[in-house]
Amino acid sequence: AQSVTQLDSQVPVFEEAPVELRCNYSSSVSVYLFWYVQYPNQGLQLLLKYLSGSTLVKGINGFEAEFNKSQTSFHLRKPSVHISDTAEYFCAVSEGYSSASKIIFGSGTRLSIRP
Amino acid sequence: DTAVSQTPKYLVTQMGNDKSIKCEQNLGHDTMYWYKQDSKKFLKIMFSYNNKELIINETVPNRFSPKSPDKAHLNLHINSLELGDSAVYFCASSQEALYNSPLHFGNGTRLTVT
């Protein structure tokens, strides 16, 4: 069964600094990877997804992530963060091919931006 | 133009009561879900319906009963509420019940059981 690990529960950074949020997964088969963002008192929104093809995936709001199969990682990066990026970020993995496939979420990383 | 809407947004009730949460999506999606997010932000799938048919039923107490009257609606009824049921419940939908279909979430229902 697949699992997702987000090692950092909180990441504080200064505004305009770069940030990397780490995500590692475990699975015995090919996986499909997602990053979602949750702003305060809202539901989750899709930032980006990796299904196949180029290992560097670009998403909304200037975020990107790189799929590294050998390291089983899918880290999220942004070169320069803004106050508005303050949110909870969730990495997720899906390995099912059937109609009952599930998306499993990591425990989340809280990104807090300091002015 | 809310894509996935849940009601109510907040629900405060006492132990032992029965309550329902409603969810509607106007995206034309075939698949709908219920997720539970606990106080540590951990998000876990509870149920999934595809075209009104239950396809995922995780290990959830049978006090929780989902109902899908049509593919645009998925309601969650909870009997005999317990303190441990306090959480934020998210409804979500996806175009298909497939691995590559992103989820669209509602804004959540914060359930507090006292």
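A quick note: this is a predicted structure, and the numbers were derived from the prediction, not measured.

Caption draft 1: Structural context of the sheet that holds strand S7 (residues 64–70) of chain B. Residues and elements named next belong to chain B. Reading across the sheet, the four strands line up as S1-S3-S8-S7 and stay open at both edges, with antiparallel pairing between neighbours. Edge strands, defined here as strands with exactly one partner in the open sheet, are strand S1 (4–7) and S7. Strand-to-strand twist of the sheet, defined as the mean angle between neighbouring strand axes without regard to direction, takes the value 20 degrees. For S7 and strand S8 (residues 73–78), the ladder comprises five bridges, and the chain directions are antiparallel. Bridged to Ser65 within S8 is His77.

Caption draft 2: Region of interest: the packing of aromatic side chains. Scanning the entire structure with this criterion turns up 13 aromatic pairs over all chains. Between Tyr50 of chain A and Phe67 of chain A the ring centres are 4.4 Å apart and the planes differ by 25 degrees, which places this aromatic pair in the stacked class. Placement of the pair is Tyr50 of chain A in strand S6 (residues 44–50) and Phe67 of chain A in strand S8 (residues 64–68), with a sequence separation of 17 residues. A relative accessible area of 12% places Phe67 of chain A in the buried class. Between Phe105 of chain A and Phe105 of chain B, the ring centres sit 6.1 Å apart and the planes meet at 70 degrees, which makes this aromatic pair edge-to-face. Here Phe105 of chain B lies in strand S10 (residues 104–105) and Phe105 of chain A lies in strand S11 (residues 103–105), a pairing that spans two chains. Put simply, the rings of Phe34, Tyr36, Phe90 and Phe105 of chain A together with Tyr33, Tyr35, Phe90 and Phe105 of chain B pair up and form one aromatic cluster. Across the ring face of Phe14 of chain A, the terminal group of Arg114 of chain A is positioned such that the distance to the ring centre comes to 5.8 Å.

Caption draft 3: Broad picture of empty space enclosed by the protein. Residue and element names in this part refer to chain B. Across all of its chains, the model carries one cavity of 30 Å³ or more by this definition. Here the largest cavity defines a volume of roughly 30 Å³. Lining the largest cavity are Asp30, Thr31, Met32, Tyr49, Asn50, Asn51, Lys52, Ser68, Lys71, His73 and Leu74. Looking at the lining of the largest cavity, the elements that each hand over two or more residues are strand S4 (31–37), strand S5 (43–50) and S8. Of the residues belonging to the lining of the largest cavity, the class tally is three nonpolar, five polar and three charged.

Caption draft 4: Quick look at the confidence of the model for chain A. On average, residues of chain A score 90 in pLDDT, and 92% of them are at 70 or above. Mean pLDDT in chain A bottoms out at S11 of chain A, which sits at 87, and peaks at strand S3 (residues 19–21) of chain A, which reaches 98.

Caption draft 5: How the structure looks around the interface of chain B and chain A. Facing 21 residues of chain B, the contacting portion of chain A comprises 25 residues. Summed over both partners, the interface of chain B with chain A comes to about 2,000 Å²; 59% of that surface belongs to carbon and sulfur atoms. Inspection of the region where chain B meets chain A yields zero salt bridges. At the boundary of chain B with chain A, the tally comes to four residue pairs in polar contact (both at pLDDT 80 or more).

Caption draft 6: Structural detail: the layout of surface pockets. Approximately 390 Å³ is the volume found for the largest pocket. Taken together, 26 residues line the largest pocket, and the ones lying closest to its centre are Asn41 of chain A together with Gln37, Lys41, Val88 and Arg110 of chain B. Those elements giving two or more residues to the lining of the largest pocket turn out to be strand S10 (87–94) and strand S12 (109–114) of chain A together with strand S9 (87–94) and strand S11 (109–113) of chain B. Within the lining of the largest pocket, the residues separate by chemical class into eight nonpolar, 12 polar and six charged.

Caption draft 7: Representation of the pairing of S4 of chain B within the structure. All names here are of chain B. Counting buried residues along S4, six of its seven residues qualify, which places the element largely inside the surrounding structure. Here S4 pairs with S5 via seven bridges, running antiparallel. Note that in S5 the partner of Thr31 across the bridge is Asn50. The loop that links S4 with its antiparallel partner S5 comprises five residues; one of these, Lys41, has a positive phi angle of about 75 degrees. Pairing of S4 with S9, which is carried by seven bridges, proceeds in the antiparallel orientation. Counted as the bridge partner of Met32 is Ser93 from S9.

Caption draft 8: Expanded view of the pattern of salt bridges. Per the stated rule, a full pass over the model turns up nine salt bridges over all chains. With a shortest N-O distance of 3.7 Å, Arg77 of chain A and Glu20 of chain A are connected by a salt bridge. Of this pair, Arg77 of chain A sits in strand S9 (residues 73–78) while Glu20 of chain A sits in strand S3, placing them 57 residues apart in sequence. The exposure class of Glu20 of chain A is partly exposed, given its relative accessible area of 36%. Between Glu82 of chain B and Arg63 of chain B there is a salt bridge, and its shortest N-O distance comes to 3.5 Å. A residue pair is termed long-range when its members are at least 10 positions apart, and Glu82 of chain B in the loop between S8 and S9 and Arg63 of chain B in the loop between strand S6 (53–57) and S7 qualify at 19 residues. Residue Glu82 of chain B is classed as partly exposed on the basis of its relative accessible area, which comes to 41%. Salt bridges sharing partners connect three or more residues here, namely Glu20, Glu66 and Arg77 of chain A.

Calculation criteria
Numbering of residues starts from 1 in every chain and runs along the sequence as written. Following the order in which they are written, the chains are lettered starting with A and the ligands numbered starting with 1. The predicted nature of this model means local features are confined to residues of pLDDT at least 70 and side-chain atom pairs, given and counted, to a pLDDT of 80 or more, with totals for whole chains, interfaces and linings taken over all residues. As a rule here, side-chain values come from all non-hydrogen atoms in the structure, and water together with hydrogens is ignored. Two strands pair if DSSP finds at least two bridges between them. A run of H or I in DSSP becomes a helix once it reaches four residues, and a run of E becomes a strand once it reaches two; helices and strands are each numbered from the N terminus. Here an axis means a line fitted to C-alpha atoms, over the contact stretch when the element is a helix, while the angle between two N-to-C directions is reported on a 0 to 180 degree scale. Note on aromatic pairs: the rings of Phe, Tyr and Trp (six-membered ring only in Trp) are paired at centre separations within 6.5 Å, and the planes decide the class, stacked below 30 degrees, edge-to-face beyond 60, tilted for the rest. We call a residue buried when its accessible area falls under 20% of the maximum for its residue type, exposed when it is over 50%, and partly exposed in between, using a 1.4 Å probe and counting protein chains only. Placement of a positive charge over a ring is assigned whenever Lys NZ or Arg CZ falls within 6 Å of the ring centre and within 35 degrees of the normal to the ring plane. Cavity: a set of points on a 1 Å grid over the protein atoms alone where a 1.4 Å probe fits but cannot get out. Pocket: an open set with protein on both sides within 12 Å along at least five of seven lines, its lining residues, like those of a cavity, having an atom within 4 Å of a point. Grid points are joined across faces, edges and corners, and a volume is the space filled by probe spheres set on the points. Each residue gets one label: Ala, Val, Leu, Ile, Met, Phe, Trp, Tyr, Cys and Pro are nonpolar, Asp, Glu, Lys and Arg are charged, and the others, such as Gly, are polar. For every residue, the pLDDT score states the predictor's confidence, bounded by 0 at the bottom and 100 at the top. In what follows, a contact means two residues having at least one pair of non-hydrogen atoms within 4.5 Å. Simply put, the buried area is the total loss of 1.4 Å probe accessible area from both parts when two parts are fitted together. Think of a salt bridge as a Lys or Arg side-chain nitrogen and an Asp or Glu carboxyl oxygen that are within 4 Å of each other. Side-chain atoms alone can form a polar contact between residues adjacent in sequence; in general such a contact is a pair of N or O atoms within 3.5 Å, and within protein one must be able to donate a hydrogen while the other accepts it.

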